[in-house]
Amino acid sequence: MITLEDNHGNPLSEKEIKAQMEAIRKERRMQVIRNWLNGIFIVLALVAIVGVLIFKGGERGLYISYGIAVLAIIIKMVEALFRMPGFKSH
């Protein structure tokens, strides 16, 4: 939410208001990226689970399913990085 006054009730400058708007845009952009990463994670995790249930031990498909699961975990870890407080400030 954009505030138009400081703590003392004085109006903010146009520059300060634009800075608030830019911060909100960055936050929304980050949210979109996180949502896409979460969607990819869910799809890959489901594919990996189905693969593990379908293939027997020693089959090539089982190892591919394990690889897909590892990729899904890596994507989830990247998404978690975006939630860390200090990550966005740099």
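Calculation notes
Residues numbered from 1 in each chain as written. Predicted model: local features only at pLDDT ≥ 70, side-chain atom pairs only at ≥ 80, totals over all residues. Heavy atoms only, no water. Helix = DSSP H or I, 4+ residues; strand = E, 2+ residues; numbered from the N terminus. Expected span 1.5 Å × (residues − 1). Buried < 20%, exposed > 50% of the residue type's maximum accessible area, 1.4 Å probe, protein only. Contact = heavy atoms within 4.5 Å. Axes fitted to C-alpha atoms, helices over the stretch in contact; angles between N-to-C directions. Parallel < 35°, antiparallel > 145°, perpendicular 65-115°, else oblique. Left-handed = near helix turned anticlockwise from the far one by under 90°. Nonpolar A, V, L, I, M, F, W, Y, C, P; charged D, E, K, R; others polar.

Chemist: Is there a simple way to think about helix H1 (residues 14-54) in this case?
Modeler: What sets the pattern is the α-helix's 3.6 residues per turn: residues three or four places apart point alike. With 41 residues, H1 should reach 60 Å at 1.5 Å per residue; the first-to-last C-alpha distance of 60 Å fits that figure. The complete set of buried residues in H1 reads Ile-17, Gln-20, Met-30, Arg-34, Leu-37, Asn-38, Leu-44, Ala-48 and Gly-51. In this structure, the buried residues of H1 make contact with helix H2 (60-83).

Chemist: Quick question: what am I supposed to make of the packing of H1 against H2 here?
Modeler: It is the contact of H1 with H2, at a shortest axis distance of 8 Å, that shows an interaxial angle of 160°. Between H1 and H2, the angle is such that the two are roughly antiparallel. At the point where H1 passes H2, the crossing takes the left-handed sense. A per-class count over the contact of H1 with H2 returns 19 nonpolar, three polar and four charged.

Chemist: Would you mind showing me how to read H2 here?
Modeler: For H2, which comprises 24 residues, the first-to-last C-alpha distance of 36 Å matches the rise-based estimate of 34 Å (1.5 Å per residue) to within 8%. Residues of H2 that are buried: Gly-61, Leu-62, Ser-65, Ala-72, Ile-75, Glu-79 and Phe-82. Looking at the buried residues of H2, the elements they touch are H1.

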